[in-house]
Every structure is written in structure tokens, then in C-alpha cells.
Amino acid sequence: MKLLKPSWVNHNGKPIFSVDIHPDGTKFATGGQGEDSGKVVIWNMAPVLREEDEKNENIPKLLCQMDNHLACVNCVRWSNNGLYLASGGDDKLVMVWKRAAFIGPSTVFGSSSKLANVEQWRCVMILRNHTGDVMDVAWSPHDVWLASCSVDNTIVIWNARKFPEIVMTLKGHTGLVKGLTWDPVGKYIASQADDHSLKVWRTMDWQMETNITKPFSECGGTTHVLRLSWSPDGQYLVSAHAMNNSGPTAQIIERDGWKTNMDFVGHRKAVTVVKFNPKIFKKKQKNGSTPKPSCPYCCCAVGSKDRSLSVWPRYAGLWHVVAPTVKPYWSKAPQSCFLTSLKRPLVVIHDLFDKSIMDITWTLNGLGLLVCSMDGTVAFLDFSQDELGDPLNEEEKNAIHQNIYGKSLAITMESHLSSTIIENPEMLKYQQERQGNQNPNGAQGSGPENQTPKLTNVLNGESLEDIRKNLLKKQVETRTADGRRRITPLCIAQLDTGDFSPALFNSVPILPGSSASTQLTPQISSDSSTANSLGLRPSHDPTTTSPNKTAEENKDSGPAAVNSIGMKSNLLLTSASKMEPMKALDSRFTERSKATPGVTSVPLTIGITPLDRVKDSSSVKEPKVKDETSSDSEDKIMAKPLSMAKRKGEMEGAEVVEKRKKGRPRKDAKMMMPISQPFPQTPVSAEKEPSRLITPVAVLKLPTPSIQKSFSTQVSTDAIAYLEVENEVSVVSGARLSQLKWSRDGREWDTLLTSRITIATGSSDIVAVACEDRTLSVFTTCGRRLIPSIMLPAPLAALHCSGHFVMVLMASATLSVWDVQKQTALVKNESLNPILSGTDATVSQSFLTQQGVAVVSLSNGKTYCFNSSLETWNLIADKQDSLVQCADFRNCLTSQDALGSMGPLALTQGRNLSAGRLASRLSSTPHHLQQGMTLAFLENQLSSALMLLSASEYRHWLLIYARFLVNEGYEMRLRELCQDLLGPVHKSSSSSWEPTVLGLRKRDLLTEVLPVIGQNLRFQRLFTEYQDQLELLRLK
Amino acid sequence: MAKVQVLNVAVLDNPSPFGNPFQFEITFECMEDLPEDLEWKIIYVGSAESEEYDQVLDSVLVGPVPAGRHMFVFQADAPNTGLIPESDAVGVTVVLITCTYRGQEFIRIGYYVNNEYTDPELRENPPVKPNYTQLQRNILASNPRVTRFHINWEATLDKMEDSENVDPAPNTMLPPTSMPSKAPPLGLMPDNSMDCL
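Predicted model, so just to flag it, every value in this text is computed and none were measured. (Residues numbered from 1 in each chain as written. Chains lettered and ligands numbered in written order. Predicted model: local features only at pLDDT ≥ 70, side-chain atom pairs only at ≥ 80, totals over all residues. Heavy atoms only, no water.)

### With respect to the overall build of chain A
- Scanning chain A from terminus to terminus reveals 24 helices and 52 strands.
- Within chain A, the fraction of its 1036 residues that count as buried is 53%.
- In chain A, once contacts between residues fewer than 6 apart in sequence are set aside, the share between residues at least 24 apart is 55%.
- As displayed, chain A offers around 44400 Å² of accessible surface, 55% of which is attributable to carbon and sulfur atoms. (Helix = DSSP H or I, 4+ residues; strand = E, 2+ residues; numbered from the N terminus. Buried < 20%, exposed > 50% of the residue type's maximum accessible area, 1.4 Å probe, protein only. Contact = heavy atoms within 4.5 Å. Areas by Shrake-Rupley, 256 points an atom, 1.4 Å probe, with all protein chains shown as cover.)

### Comments concerning the overall build of chain B
- If you tally the helices and strands in chain B, you get two helices and eleven strands.
- For chain B, the sequential pattern of α-helices and β-strands runs β-β-β-β-β-β-β-β-α-β-β-α-β.
- Of the contacts made within chain B by residues no fewer than 6 positions apart, 65% connect residues no fewer than 24 positions apart.
- By element, 50% of the accessible surface of chain B is carried by carbon and sulfur atoms, the whole surface being about 6700 Å².

### Re the sheet that holds strand β2 (residues 16-21) of chain A
Residues and elements named next belong to chain A.
- In space, the four strands of this open sheet follow the order β2-β3-β4-β5, with antiparallel pairing throughout. Edge positions in the sheet fall to β2 and β5 (62-66), since each has one partner strand and no second. Each strand of the sheet is rotated relative to its neighbour by a mean of 15 degrees, with strand direction disregarded.
- Looking at chain direction, β2 and strand β3 (residues 27-33) are connected through five bridges and run antiparallel. (Pairing = 2+ DSSP bridges. Axes fitted to C-alpha atoms, helices over the stretch in contact; angles between N-to-C directions.)

### Points about the environment of H130 of chain A
Residues and elements named next belong to chain A.
- Within the secondary structure layout, H130 lies in the loop between β9 (120-128) and β10 (134-139).
- Separated by 39 residues in the primary sequence, H130 and D91 place their C-alpha atoms 9.3 Å from one another.
- Here S148 takes part through its side chain, which lies 2.7 Å from a polar atom of the side chain of H130.
- A polar atom in the side chain of H130 sits 3.1 Å from the side chain of D152. (Polar contact = N/O pair within 3.5 Å; in protein donor to acceptor, adjacent residues only side chain to side chain.)

### Section: the confidence of the model for chain A
- Of the residues in chain A, 64% reach a pLDDT of 70 or more, and the chain-wide mean stands at 71.
- Predicted confidence for residues 409-419 of chain A stays below pLDDT 50, and this span has 27 contacts to residues more than four positions away or in other chains. (pLDDT = per-residue confidence, 0-100.)

### Considerations on the state of the cysteines
Residues and elements named next belong to chain A.
- Tallied over the entire structure, the rule returns zero disulfides over all chains.
- The closest cysteine sulfur to the non-disulfide-bonded C372 is located on C75, 9.7 Å from its own sulfur.
- Classification of C372 by relative accessible area gives buried; the value is 0%. (Disulfide = S-S within 2.5 Å.)

### A few points about unusual backbone geometry
- Omega for the bond connecting N14 of chain B with P15 of chain B falls within 30 degrees of zero, at -10 degrees, which places this linkage in the cis form.
- Within the secondary structure, P15 of chain B sits in the loop between β1 (4-12) and β2 (16-17).
- Of note, the bond from G63 of chain B into P64 of chain B is cis; its omega dihedral lies within 30 degrees of zero at -5 degrees.
- Structurally, P64 of chain B is set in the loop between β5 (54-62) and β6 (68-76).
- The phi dihedral of R307 of chain A falls on the positive side, at around 70 degrees, and the residue is not glycine.
- Along the polypeptide, R307 of chain A turns up in the loop between β24 (297-304) and β25 (309-315).
- Located in the positive-phi region is R102 of chain B, a residue other than glycine, with phi close to 50 degrees.

### Observations regarding the pattern of salt bridges
All names here are of chain A.
- On inspection of all chains with the given rule, the structure shows 33 salt bridges over all chains.
- Here K178 ties to D194 by a salt bridge, and the two come within 2.8 Å at their closest N and O atoms. Placement of the pair is K178 in strand β14 (residues 177-182) and D194 in the loop between β15 (188-193) and β16 (197-202), with a sequence separation of 16 residues.
- A residue is classified by how much of its surface remains accessible, and D194, at 21% relative accessible area, is partly exposed.
- A salt bridge links E1031 to R1034; the nearest nitrogen and oxygen atoms lie 2.9 Å apart. Taken together, the positions of E1031 and R1034, both in helix α24 (residues 1020-1035) and three residues apart, correspond to about one turn of that helix.
- We classify R1034 as partly exposed; its relative accessible area is 48%. (Salt bridge = Lys/Arg side-chain N within 4 Å of Asp/Glu carboxyl O.)

### Some points on the nonpolar core
- Residues F24, F28, L38, W40 and Y111 of chain B are the most contacted members of the largest nonpolar core, which totals 43 residues.
- Residue assignment for this core shows that the elements contributing at least two residues are β1, β3 (22-30), β4 (38-45), β5, β6, β7 (91-101), β8 (104-117) and β9 (135-139) of chain B.
- Formed by 42 residues, the second largest nonpolar core is a distinct cluster that contains L958, L982, L1006 and L1030 of chain A. (Core = buried A, V, L, I, M, F, W, Y, C linked by side-chain atoms within 4.5 Å.)

### Examining the sheet that holds strand β50 (residues 872-878) of chain A
All names here are of chain A.
- Taken in spatial order, the four strands line up as β47-β48-β49-β50 in an open sheet, and their pairing is antiparallel. With partners counted over all chains shown, the strands left at the sheet margins are β47 (843-848) and β50, one partner each. The sheet shows a mean angle of 25 degrees between the axes of neighbouring strands, direction not considered.
- Pairing of strand β49 (residues 862-867) with β50 involves six bridges; the strand directions are antiparallel. By the bridge assignment, K862 is partnered in β50 with D878.

### Some details on the packing of aromatic side chains
- On inspection of all chains with the given rule, the structure shows 28 aromatic pairs over all chains.
- With 6.3 Å between their ring centres and 80 degrees between their planes, W182 of chain A and W206 of chain A make a pair best called edge-to-face. Within this pair, whereas W182 of chain A is found in strand β14, its partner W206 of chain A is found in the loop between β16 and β17 (208-212), the two being separated by 24 residues in sequence.
- According to the relative accessible area criterion, W206 of chain A is buried, its value standing at 6%.
- When the ring of F264 of chain A is compared with that of W312 of chain A, the centres are 4.5 Å apart and the planes differ by 35 degrees; the resulting orientation is tilted. One end of the pair, F264 of chain A, is in strand β21 (residues 262-265); the other, W312 of chain A, is in strand β25, and 48 residues separate them in sequence. W312 of chain A shares its class with F264 of chain A; the two are buried.
- Among the aromatic side chains, those forming a connected cluster through ring pairs are F18, F22, F24, Y44, Y111 and Y132 of chain B.
- A cation over a ring is seen here: K61 of chain A above W8 of chain A, with NZ or CZ 5.7 Å from the ring centre.
- For R137 of chain B, the ring lying beneath its charged end belongs to F22 of chain B, and the centroid distance is 3.7 Å. (Phe/Tyr/Trp six-rings, centres within 6.5 Å; stacked < 30°, edge-to-face > 60°. Lys NZ or Arg CZ within 6 Å of the ring centre and 35° of its normal.)

### A look at helix α22 (residues 971-982) of chain A
Residue and element names in this part refer to chain A.
- Taking 1.5 Å per residue, twelve residues should reach 16 Å; α22 reaches 16 Å between its end C-alpha atoms and fits that length.
- Among the residues making up α22, those that are buried are L974, L977, C978, L981 and L982. In a view along the axis of α22, the buried residues occupy a sector of 125 degrees, so they form one face of it. Projecting away from the buried face of α22 at angles above 90 degrees are the exposed residues M972 and E976.
- Residues of α22 that are buried sit in contact with α21 (951-968), α23 (1002-1014) and α24.
- Note on α22: the residue one or two positions beyond its end, G983, has a positive phi of about 75 degrees. (Expected span 1.5 Å × (residues − 1). Arc of directions from axis to C-beta.)

### Remarks on the side chain of S802 of chain A
- Within the secondary structure layout, S802 of chain A lies in strand β43 (residues 796-802).
- For S802 of chain A, the side chain forms a polar contact with the main-chain nitrogen of Q850 of chain A, separated by 3.5 Å.

### Comments concerning the side chain of D233 of chain A
Residue and element names in this part refer to chain A.
- In this structure, D233 sits in the loop between β18 (229-230) and β19 (236-244).
- Polar contacts involving the side chain of D233 include one to the side chain of S231, which spans 2.4 Å.
- A distance of 3.0 Å separates a polar side-chain atom of D233 from the backbone nitrogen of Q235.

### Focus on the environment of A240 of chain A
All names here are of chain A.
- Of note, A240 is situated in strand β19.
- Taking relative accessible area as the criterion, A240 reaches 0% and is therefore assigned buried.
- A sequence separation of twelve residues divides A240 from I252, and the C-alpha atoms of the two residues are 9.5 Å apart.
- Apart from residues lying up to four places away in sequence, A240 is in contact with Q192, F216, L226, R227, L228, T249, A250, Q251, V271, T272 and V274.

### Concerning the confidence of the model for chain B
Residues and elements named next belong to chain B.
- Summary statistics for chain B give a mean pLDDT of 78 and a share of 78% for residues scoring 70 or more.
- The secondary structure element of chain B with the lowest average pLDDT is strand β11 (residues 194-195), at 40, and the one with the highest is β4, at 93.
- Scored below 50 in pLDDT, residues 157-197 makes 112 contacts in the model with residues more than four places away or belonging to other chains.
- Complex prediction metrics read pTM 0.48 and ipTM 0.77.

### A closer look at a negative patch on the surface
All names here are of chain A.
- A contiguous patch of negative charge, built from E724, E726, E748 and D750, is present on the exposed surface.
- Those elements giving two or more residues to the negative patch turn out to be β36 (721-732) and β38 (747-753).
- By secondary structure assignment, the location of E726 is in strand β36.
- The class for E726 is partly exposed, based on a relative accessible area of 37%. (Patch = residues over 30% accessible without salt bridge, like charges linked within 9 Å, V, L, I, M, F, W, Y side chains within 5 Å. Lys, Arg positive; Asp, Glu negative; His and termini not counted. Charge placed at Lys NZ, Arg CZ, Asp CG, Glu CD.)

Quick look at the structure:
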């Protein structure tokens, strides 16, 4: 074992609370106290590992430092994929960092150390929820969730795919939560707190699985952290500070029954941190000296407040039980000793630090170990394989998991199959591409190349120097209405936003796949903020309390402030004679200028020349504004329920109005893309009424919309068209005429009908109108009547148009769909009986897809479509479906897929398809069962998309399905899928194979599927087989 | 954390005659689009002894500020000599650049400024009444003193809306040790100031 204390890893002497090595092993992060702030530093690993690199001045040691945390950073953790770094600190925040590719080295402005940041890591997300210091953060396996725990006694589970969404807040601890660890299998998360308990929570339902208190009941003293750890095989959980016979221990908890029979003893003070080696080891074979086949074992490092570190290997299934009576047998051991007996630690190192050990991290190969301490230093331990054993490769590790849990944890196998020979050059290409995609950051050195182009891009090829020369002349300066100068800054680089950066949502035009609600939020928030600044301030000015209070407060704080100033100046004065102006001036750097805030700026205005007065009047004016805002915020702090409620009410009102005004056109345009307006967005009740249906009695009957005097609706076309209806516009010789008016882009037409109109709707091609007299009229978008009025057998309940299709749902609970272009009936008076009978469900929604498939959703969460060739109702979505709840295919989603598909299927199932939300892949259901459920679910989706004739969704689900098959190794199904997509290679008349599906060429689909298959080396034969055949067909 | 980070301030036209306008080229980076303008100020400290002699040379609004890296040159007229105590005209003083967002100051950049006569004769025997035309202003550009303050970047309403992601109460943001007696009178967020020097 080698031991190194790299002195250059420090926070200028300030405590280092956390250390974590990047998954690629090239760098590590430390977190702790900075100068009056929290500090996160990213260091290069190479100088730690190799002495020659440490001496080489060209190899940077410090890669990046971030001072953004406002208070001490307690924990830093890399995501498993290495793309993100999460940090939590005393400022109650969790920050998520991502490497920015576009910027070159830079320094922290104003910092004394002129060390350049070699890498740029920027905060892409701030997670605010905790009300106390964040003590520990942890990424779940596969980075699905990020957990953070805090002294506010809670644990927050964040959705790492959709920050800042909170999946769950785990409440139950009654003391400060100081440590977190995920079960490597992903089924549990464990937390340890000052409340003398360790709790294990299920990830399936986020309920508490067990609460372990006994080993902790004696725990008296508090430690800063309680970082517990789960063994890589998932079988054991080892706690931080526990007590046994009044001696400090690290409690071993067995997964099986949460038994607490064993512990690590020996440390003289509380254990602060336990960290399992990520590798599983097997005994080094020494020329047959080990007679029996060696069992794999895990290895665990324990750090304590007693400033010593111990490393314990253990054999799976052969836990060496440390008897509680055993005295700390190594507490007076020499500086460092090796103990070969299994019942003892492999190594104990005393006096490694001057203060408590705070965090431990292992290198990926399992042979190195970084430890950090409150004393502000870190130590690196390097073991040899002789000491720790042979680390199992990932495949062997997976085999162990497979044995224990029936499933492999490594879904992506590519790195572990590195020994497999790649037989096909195409395959190699996909493998390489895949690797390239996975590490967009690339190696450390890849920075500058991809940085410069981006910058120049923004600058239109001008060099920054040129721009700087002329900036003053070129920059746009205007005057605001009140005469103030306003400069438009020159944008020299756009922010390369992370995939969940808020900026992305704010600035990027709406993505077709993202849900309407996310699109709306930025709008709403900005609206409400304007509402705030406009409407609210005056509103609570009259409330007498608040001005009084602010005045009082000003009085309170005023003299105080004056006092302190006064005292200061007194001090200054007394020593002024001798004092260098520098010192007096120094204070000015940190104190906020009294010239800025209102009151004290008054003397300044006195005696100002008329010339300056203009300028100053503006600066005097603005403090007033400030006063207002401040009273605003003070109000908030006071949280006066009355004014709060009042403001809130107003806010909502204002918001709604704003939303209507601003949001509508855009929102609607989005909502309508593929479907012809399943639900018109207009507040017209006539349109909504048909959806809220009464419970059918014996005879099925759907309610009909009431007749309104006038209403208007929007029609989805390329540009938005409006339909306006005015009933009984005029009475001509006893006949009541109703007017239908259509307008788009200034073009408009109107027509008259002889009966009152109940529903009007339209598509890009037609306009359909139903009247009170049970007639249905269809017009072109130019107002020409297409067919004479259709006489409906019953009053109309709902009417939809899409393309050339018209769908009517009649009050008699029958459905008809016509193609008015071909003048044919697709569905003729089909009863809803099959789907409605036997339930007390009602029709909650109905719409027509662009392909003319009628879809009816019921209030019981089921959605059916009517297939006119089979003449059957087909269940396409069921919200209660257990398959949906348990299916888990999230690891088969690519980043584009994550946005969801767009189409009728998505619409019926809800865009964000909570599939597997509860029971993730890591749920309690046995793996094979869940695998089966997911498979069934995906196949359902595929067939539903097919039934709905929704090509894009078919393709979407096909690719997910293919990925799932590839990941889970369903070779037979994969082969069948490929075969169907490929079709017969040789033409034969007997083949009933259709070359297309929903207008998509099957072989094109296969070309898309093949790269997916190519990502798993296991299937390289299959890949080669179909790749070759496709190639062959292409050549023909 | 701060949405706006000042990356660099370059002092232009330095050293220069006392009467020349101040020019600072400011580069800053913004994490997300700011709905409101930033307000920058240049404050000239006329006398070390009293803030009475502070002069706001100018203030500008800077916006719109989308996410990204931006730069601009802030030019402001030289201080009004009539407001500077005669005894403080020559020697070292300070110029401050401050930036506020929604009326809250979040960064303060200070530079030492040395005003001295270029003419050796004047330097040796400075006139009682300062001769501003002969004074040279030298800003110690290499040694900025940066103080950052924590402010509330969100509109107050956003917080009420987004109940899931509420900011902790602003006044509890403060580490207990740093509660300043010099509480800013404006209900600004109590600062956690960090002097980067």
C-alpha cells in the first residue's frame, strides 16, 4: 500500500467536507468551506496517481473551482454517467453542475489566485426545497433520481431526468438526516440521522421498509456527517456511528431481514463515514496456495472522528463476526499495520489527519482511495491487487447480481463485453458512435477544439479583440422613458444549456413533443411577475399596516445603521490622523454603498450642480422604487395572511386574464397538431358540455349540448381559424336564421342556416355544423356546402372533424364516421354499448384522429377506438392498467424519446405516461415478472399505435420496443421483429408481406432498428445477418 | 446562487487625465434569461473619511439579458470636482462599480484610484487648491476587490406559485454568524458577503 498526501489539494486551509472521484477516474471533486462561501473544486486525478504528472507543470492540477454555494458545501457527488456533479451545502441548496464546452480557461474575477479554470463547470440547476443545511446527496443507480438529505429532517428525491421535479419527500426522521445511500440494486435507499435511527425506504412506493434503532440508541455525541454505505453486491448495509457496549462501531445490517448481528469495532470515536469499494473482489490465486475456490468478497473503508481510517475486506457469506466483547485490538497499533487475518481490518492508519475524517471515495478500479478531512487535507491510498484481491470484472459482478436478484444491473453491456471480438465493421462503427455519444465531454484535453468554433459562431467571425476595440461605439444605447441610459449588452457567447437547464425551457421555441403544461409555465410566471409589478403594489399600499410597518422598520434599522456608521466613522476619526486612507477605504469595498439606498443619498443631492441634477434625480427616484419593492418583500416575510390572500387572489385573477390573452393562440396551435381539436380551447360551454356526460341509465343516452345564443370556437389549421356562431340573428318570415362565420388571416365567410346551431367544428379541410333540428351540414373551408344536410337519427352529443373525416357521437350513444371527400361511411351507427354496458362509466372525451379513427375515452380511464375493418371496439389505453404501472422501459428512452411521442395514443394515455413511475425497474416485483410486464406493455403500445394508424407513434414505440428487446436480450422476439421488417428477400407471389406499415417503409424502419441492435455486442450475429440482407436488397 | 457572474472588468483609458470619463468594459455571464434589466452604477468615493462625498457618477440599465455571456462598456463622466474635499483630491481613493437586480445589490467591485500630478514640480509642491487639469487618475486595475452579496433573484410571486420549489424564507438564508449589524436598510437580502481577496 502506498500513501500520499497531495498537499496541493486544499481549500486554502479551510475544511474539506466531501470528496468524490469522477466515474471516469480522471478527476475528482472536493467540497467544503471557501472564503466566506461554500466551495466546490474539481481536481485533476493524474497528478495524484503519478508522481511525474505531479511534477509536470504542464499538467494542470486544479481544473475548476466554483464559489457559487453561499455557505459550506457538505457533499459533492458525481452522477454515475459522469456528466453531472451534484453538491449540497449549508445554504440549503443542491446545485447540479455540468461541464460547459464552449468556454476556454478563465479565472474567477477578483479572486486572488490567478489560477485559471481549465474546465468550465456551470451550475445548470439549483434545487430548492430544503429548509435546512443539505448534508448528503446521492445519485440513484442509473441516475434516475437524486436524493438529498438535510438537517430539516427530510430526504428529498428529485427526478434526475426532469429537474427540479420532486418525486417524493421522505419524512419520518425526527433528527438531522446526515447520510444517504442507495441500494445498488435500486430497490431501497437508506438514511441515517441524528435521531438514533437508520431508516430504509422502498423506492417502489417511497414508504419506510424498516427503521433500525437499537444499535444507535446509545449514540451520544454528534458527528458532522453520518455517511453510510451499501455493499456493491447489495447484501449488506453498513452504518456510520453506532454503539455497541459503549464502544463506537459501524453497524453491519443484512439485507436479508435487516438483521444487525455484526459490526466493525475498533475505532475510538464515532464513525463518520463508511464507503464500500465499488468492486467485488476474489482472492488472489497464489500458485494454488488457496486450496478452496475463493468466494468473492467486498471491501469497505471506515473513517472516524478519531482521525483514523480502516479498510476491511470480507468474504461474501463468510462474514467474520466481530464479537462485541472484543476490545479495540488495534487502537494502539503502530502507525500503519497490515493485518492478514480475516477478522481484522486489512489496514488501519492512525493520525492521518489532524481532524475528523469527513468523506471517502474509491477509484473505479477499486485499488485507490481518497480520504478527506475537516483539517482541510486529503490523503490518497493506493493498494495493490495482492492486498485487496482481484477485482471481478463487470460481467462477473453482473453474474453475482443475476444470481442474487435474478437480474443484471448492467443494462448496457458494451463496456463489459470488451473482450468480445467485434466481427463486423459496421458493428464497430455503432459501438464507437455509441461511446462517442455517451461521453460528449470526451477526455480532458478535448476542450479548446470544440470551444472556439462556438464562440466565433456567435461573433460572426469577428475576433473578440476587434469587438472590444469598437464596443463603446458599437453598443446600442437608448434612453428609457424616464430618461435613463440603457445599454444593450453585446452577447459574446450563448449559453450551452444542459439538457435540463431552465434556460432551455425559457428561451427555446416549444418543442413539438413537450407537454403543453411545461410550455405554459414560463409564460405564466412571466405574466404573473408583470402582474405583480403592475397591479399588486398599489393594491397593498392602501393597506395601512404595511407602510407603517416599513416605516417602523426603517426607524428601527435606520438608527442602527446610522449608529454603526457613526461608530465606524468615530473609529475612523480617532485614528484618522495616523490612519492610512487605504484602511478607511477598504471598508468601502465590502459595505454596500450608502449612496445607493435612498435615505443616505440625500446629502449627496445637496449642492449638486444643476448639470448633475438631471442624472441624480433619476438615482433619487429609483430608491423610492426600491423602497416599494422592499416593503413588498418585507410584507412577504411578515406573511400577513390578509394581504397575502388578497395578493394571491389578485395574482390569480391577473394571471388568468393574461393567460387567456397571451397564451391562447400559441397554445392552441400547439395542442392541435395531429388531431383535429379534440377539445376546443375556447371557454364555450357548449363545446365542453358533451364531454361531461351523465351516467347512462338502462338505455344508453349521451347528453346533448345546450343551445347558446352565440359562441365561437377555434379551428386548427395551419393558421388559426375562428368559427363564430350566432343563433337567431334574424327572423325572416317566421324562420329563425342562424349565422355561421368563419375567419382566418383576415379572410372570412359566413353562411346562414335555418335552425339553431348546437355545435360547430372544423378541420383544415372542412367545417361541420350540427343544428338543433338534427341536421348536419358540411362545408369546405371556403364556405361551399359539400353535401346536403345529413339527417341524424338522434340529437348530437359530440362532433369532431379531422381532415376530410367527420365523426358524430349521437345522444343515442351511437357513433358514425364519414369520409366526406370520398362520400363514404367508415363507421355507421355503431353503438357504444359494448364499451359502456356493464360499467357506470361515462364518455369523458372523444376525438377523431387525422386518419379518421374515432377514439372514445371513458370516465373509468379506458380509451377505445373503433376499427372499421374489424368492426370492433379496441381498448387502446387504460389508466388503471397494471401493466402501465409496472412497465419500465425508461432506460430504453433516448433523450428525444424522453420528451414523449406526439399523437392520438399519447393524447389518450397522457403525455408523460406515468408508466413505471411508481414501480421503477427497481421495484419489488421480481425482475422477470417486471420484464414480462414491460414487454407486454410495449407490445400493447405498438399494436395500439397500429390500430390508431398513428405512424409516428408506431415508429416511436417500435424503437423503444427494439431497445428493450436488445437490452433485455430477447433474441427470439428481436429476430421475429427483424424478419417482419425485412420481409422476404426474394420475391414470391405467395408472400403476404406488406412492404409498408402505416405508410412507413418497413425496411427503413429496420435500418433504424439495426443501430440499436448494433449497440449490444451480444447480438452482433443477428446484426450482421440483417445488415447484410438489407445491403443485399439495396444493391438489387 | 447568483444568476449573474461578473467574469471580467477591464479598465479602459487608464491612466488618464482626471477629467476624462471613466470607462469600464464589463464582461458578465448570465445563467438564465433575466426578465428585468440590470442596473450598473459607478460610484466615486470623494473622501475616505465620509460617505457624504460619494458621488454616483452615472447609472445605466443593461438589458435585455438573455442567458449567455455578454459585455458592454460603461462610460461615465469624471467626478464633479466641486464635491470633492480639497484635501482629498490628491492621493488614493476608491471607485466602485455596483450592480443591482430588482433593486438589490449583488456585486460590488472596488478599485483603488491614485490621483497625482504628473508634473514633478507640482508633485513636490502641490497647490493648496487642487489643479484638476494637471491631475492624472490611475486606477489600480490589477487589483479589483470584489464583494458579492446574496440577493433574491426571483420575483416574489414566482415563489408563491411554485409551491413545490419554494425558496426558503429569505431571512433564514443567512448563516447565523454573519448576521450583519449593518443590515441594509432596504430590506435587501442580508448579505453573505465574500471578499475574494
